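As a plain string of letters, each chain reads:
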Amino acid sequence: MALAPLIVIVGCGRLGSHFAERLDQRGCLVRLVDRDAAAFALLPAHLSGNCFEGEALDPAVLRRAGIERATHVIAATPKDDRNLAVAVVCRKAFGVSIAIARVGDPQRAESFREFGIRTVCPTALAGSAVLSMIEESRPR
Amino acid sequence: MRSLYVIVVGCGRLGSHLANLLSRAGHNVVVIDRKAAAFAGLAADAYSGFRVEGDASEPAVLRRARIEQADLLIAATSEDNLNLMIALVARKVFGVKHVMARVYDPKREETYRELGLETVCPTLIAGEHFLTLVFRALEAGGADS
């Protein structure tokens, strides 16, 4: 790959900030959008120039964050409906090829997929992790 | 392999999901929550365990859930500090063999391990999964859908 991929992350809470840091360590270019500038305090200082305060459903805010060049968008706010809206807007209006949304409710994941949005459900993943931990440490 | 006696504290999204999974897998499950309304998250076709309404930070409530018999306790409320406290009580006071606590803040995970508690951090696990999805897409050329 000639250019580092540009990844826009909407929602800079625990998940968004953690993920931004991980991607940054792997050499990706990350941009973060959050309505609340205070959220950016969770990020390491060297990423402060990559933060954009504003409403992610406002196209002007997304443009400022570089959405038109983004290869990926990650919707990681705490709200499922916002994540769906952001992901769909980025995909349909800005042609971002990969949209991944955090979905809190495991039962909603399927409807997200119908919109071509990939999903990450922390609840379902934690559930599977606990089950495998139990299998490993099972008393006889 | 015998089935386990598992106590799940907190019947929110994660707690109810775990209770449903464990009960469906054939384990004996007791769910504790401060609010009876939370038990609505237990699926009628999956969950065949017990429900205890009460504050699990009170040992009497844990006793009502028969914690002395528990093989495993999972503290899955929405508060890190409450999970830590319940997990410690289960481990140190009641000697429950396996205790897991949900941790919201990834930075706390290490502290918990030092205390002998197993942790589940949905943020970390989800972060891993996001990374996998992103890099799989990049390797496939970035525009595979």
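See the structure shown above.
Keep in mind the model is a prediction, meaning the values are calculated, not measured.

Asks: Would you mind showing me how to read the packing of helix α1 (residues 14-25) of chain A against helix α5 (residues 122-139) of chain B here?
Replies: For any two helices packed against each other, the geometry is given by the interaxial angle and the distance between the axes. Put simply, α1(A) and α5(B) touch, their axes get as near as 9 Å, and they point 50 degrees apart. Classified by the angle their axes make, α1(A) and α5(B) are oblique. Between α1(A) and α5(B) lies a crossing whose hand is right-handed. Between α1(A), through A:Arg14, A:Leu15, A:His18, A:Phe19, A:Arg22 and A:Leu23, and α5(B), the contact on the second element is made entirely by B:Thr123, B:Leu124, B:Ala126, B:Gly127, B:Glu128, B:Phe130, B:Leu131, B:Val134 and B:Phe135. When its residues are assigned to classes, the contact of α1(A) with α5(B) shows nine nonpolar, three polar and three charged.

Asks: Where do I start with helix α3 (residues 80-92) of chain A in this structure?
Replies: Since there are 3.6 residues in each turn of an α-helix, residues three or four apart along the chain are aligned in direction. Residue and element names in this part refer to chain A. A rise of 1.5 Å per residue sets the reference length of α3, with its 13 residues, at 18 Å; its end C-alpha atoms lie 18 Å apart and thus fit the reference within 8%. Inspection of α3 places Asp80, Arg82, Asn83, Val86, Ala87, Cys90 and Arg91 among the buried residues, and these make up the whole buried set. Seen end-on, α3 carries its buried residues on one side only, within an arc spanning 160 degrees. Every exposed residue of α3 that faces more than 90 degrees away from the buried side is listed here: Asp81 and Lys92. Packed against the buried residues of α3 are β1 (6-10), α2 (59-64), β4 (72-75), β5 (98-102) and α4 (109-114).

Asks: What am I meant to see in the side chain of A:Asp80 here?
Replies: Residue and element names in this part refer to chain A. Assignment of secondary structure puts Asp80 in helix α3. Owing to a relative accessible area of 4%, Asp80 belongs among the buried residues under this scheme. Within polar-contact distance, the side chain of Asp80 engages the backbone nitrogen of Gly104 at 2.7 Å. Looking at Asp80, its side chain comes within polar contact range of the side chain of Arg108, at 2.7 Å. Leave out the neighbours within four places in its chain, and Asp80 touches Arg102, Val103, Gly104, Asp105, Arg108 and Phe112.

About the criteria used
- Residues numbered from 1 in each chain as written.
- Chains lettered and ligands numbered in written order.
- Predicted model: local features only at pLDDT ≥ 70, side-chain atom pairs only at ≥ 80, totals over all residues.
- Heavy atoms only, no water.
- Axes fitted to C-alpha atoms, helices over the stretch in contact; angles between N-to-C directions.
- Helix = DSSP H or I, 4+ residues; strand = E, 2+ residues; numbered from the N terminus.
- Parallel < 35°, antiparallel > 145°, perpendicular 65-115°, else oblique.
- Left-handed = near helix turned anticlockwise from the far one by under 90°.
- Contact = heavy atoms within 4.5 Å.
- Nonpolar A, V, L, I, M, F, W, Y, C, P; charged D, E, K, R; others polar.
- Expected span 1.5 Å × (residues − 1).
- Buried < 20%, exposed > 50% of the residue type's maximum accessible area, 1.4 Å probe, protein only.
- Arc of directions from axis to C-beta.
- Polar contact = N/O pair within 3.5 Å; in protein donor to acceptor, adjacent residues only side chain to side chain.

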